[in-house]
Every structure is written in structure tokens, then in C-alpha cells.
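Inside the fold
The primary structure of each chain is shown beneath.
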Amino acid sequence: MSDPSPSETCLFCRLVAGDVPAEVVHTSDGSVAFRDINPQAPTHVLVVPREHHANAVELATQAPEALADLVRVADAVAEAEGLAGDYRLVFNTGAGAGQTVFHTHLHLLGGRPLTWPPG
Ligand code: AMP
Ligand code: ZN
């Protein structure tokens, strides 16, 4: 028997399908944006491609337009949240960098002073 597909096992595939509840703030043909369940800033939104790709470089390689759409959606959410162009976008890639969900997601953080470098 083949392995179960990500649509059944992946948290963010299930969220995109509507099988896991989320506070969705923006959608496009290719992306869904929703509030992080454990926010690290007043605005902490995750933008995910509707299709499963494990990390940012897989998305960039396999579907570059979908990667561009994540950034455009993140900017639209930032605008709607009143961040006035002041925000941080983060892709954690690999467990050592803090990636815990292996369906790539762009973190949009803003609404407070953001220190650099991040921890
Ligand atoms: P990362 O550590 O970069 O893989 O980010 C995963 C993010 O997903 C974390 O910030 C979690 O708080 C967030 N998260 C996990 N489960 C959910 C969920 N069901 N709804 C919204 N955000 C979630
Ligand atoms: Zn997935």
C-alpha cells in the first residue's frame, strides 16, 4: 500500500481543505492566510500555498509563482492590519531552524518593535 497523501496527514493541507478550524484573514487562488494559533506579535499570520510543498525552496523550485503569491498575500494582510509597510516575513526551514510544520508557510509578524537579529 502507498503512503497516505499529505492531504490526509499534513496539518496545513487539512486546514486549507477546511477540515481543521482556522481564523482565515485572506485568500487568493493559490494561498490561504490565517492567524497563528500561538502568536508572537500583535499580528502573526501564516500564509500557506494551497498545494503541499515541504519548505520554501521546494516551493520556489516547483511553483515559483505560488511563492510570489505568498509574498503578495502577506503584504495585503499587512496593509489590512495597518502595519504601514513595517513587518517581518520569515520562512523557518528545517527542524534546526524551528520548522515544526512541513508544509511551507510564510510567517508575517508585526505590530510591535521587532528586534534584530531574531533568536
Ligand atoms: P514553524 O515553527 O515555522 O514550523 O511554524 C509553525 C507555526 O504553526 C507555529 O507558529 C504554530 O504556532 C503554528 N500552528 C500550529 N498549529 C496551528 C493551527 N492549527 N492553526 C494556526 N497555527 C498553527
Ligand atoms: Zn500540506
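Above this text sits the structure in question.
All of the points below concern the structure found in this document. (Residues numbered from 1 in each chain as written. Chains lettered and ligands numbered in written order. Predicted model: local features only at pLDDT ≥ 70, side-chain atom pairs only at ≥ 80, totals over all residues. Heavy atoms only, no water.)

**Here we look at the site of ligand 1**
Let me state the cut-off plainly: Nearness here has a simple test: a residue counts as near a molecule or strand if at least one of its heavy atoms is within 4 Å of that partner. By the criterion applied in these results, polar contacts are pairs of N or O atoms within 3.5 Å in which, for protein atoms, one can donate a hydrogen and the other can accept it, and in which residues neighboring in sequence qualify only through two side-chain atoms. Reported accessibility uses the Shrake-Rupley method at a 1.4 Å probe radius. Residues are deemed covered only where the shown protein chains occlude them. Cavities and pockets were defined on a 1 Å grid built from protein atoms only: a cavity is a group of points that admits a 1.4 Å probe but offers it no way out, a pocket is an open group of points flanked by protein on both sides within 12 Å along at least five of seven lines, and a lining residue is one with an atom within 4 Å of any such point. Criterion for pocket placement: a molecule counts as inside a cavity or pocket if more than half of its atoms are within 2 Å of its grid points.
Inspection of the region around ligand 1 gives 15 residues, with D36, N92, G98, T100 and H107 positioned closest. D36 is positioned with one of its side-chain polar atoms (N or O) 2.5 Å from an oxygen atom of ligand 1. Within the side chain of H107, one N or O atom sits 2.8 Å away from an oxygen atom of ligand 1. Burial of ligand 1 by the protein amounts to 84% of the accessible area it has alone, namely 500 Å². Of all the cavities here, the one that holds ligand 1 is the largest pocket.

**Describing the pattern of salt bridges**
The test is simple: The term salt bridge refers to a side-chain nitrogen of Lys or Arg lying within 4 Å of a carboxyl oxygen of Asp or Glu. Secondary structure elements are taken from DSSP: a helix is a run of H or I of four residues or more, a strand is a run of E of two residues or more, and numbering for both begins at the N terminus. Exposure classes here rest on a 1.4 Å probe applied to the protein chains alone. A residue is buried below 20% of its type maximum, exposed above 50%, and partly exposed in between.
Evaluation of the coordinates by the stated rule reveals four salt bridges. D69 is the partner of R72 in a salt bridge, and the nearest nitrogen-oxygen pair spans 3.6 Å. On the criterion of helical spacing, the pair formed by R72 and D69 is a turn pair, its members being three residues apart in helix 4 (residues 64-80). Given the relative accessible area of 13%, D69 is considered buried. Taken together, the salt bridges that share partners define one network made up of E23, R35 and E81.

**Some remarks on the side chain of H44**
Our working rule: Here, residues are in contact when the closest pair of their heavy atoms is within 4.5 Å.
With respect to the secondary-structure elements, H44 resides in strand 3 (residues 43-49). The class of H44 is buried, set by a relative accessible area of 5%. Among the polar contacts listed, one links the side chain of H44 to the side chain of H107, at a separation of 2.8 Å. Not counting residues up to four positions away in its chain, the partners in contact with H44 are F34, R35, D36, N38, P39, H107, L108 and L109.

**Remarks on the coordination of the zinc ion (ligand 2)**
Rule in force here: Coordinating donors are taken as N, O and S atoms within 2.8 Å of the metal, stretched to 3.2 Å for Na, K and Ca; because water is absent from the atoms, sites can appear incomplete. Angle rules define the geometry names used: all angles between 85 and 135 degrees makes four donors tetrahedral, while opposite donors over 155 degrees apart and all other angles between 65 and 115 make four donors square planar and six octahedral, leaving every other case irregular.
The protein atoms that coordinate the zinc ion (ligand 2) are C10 (SG), C13 (SG), H52 (ND1) and H103 (ND1), at distances spanning 2.1 to 2.3 Å. Viewed at the metal, the four donor atoms of the zinc ion (ligand 2) are separated by angles of 105 to 117°, and the geometry they form is tetrahedral. For C10, a relative accessible area of 8% gives the class buried. The class for H103 is buried, based on a relative accessible area of 0%.

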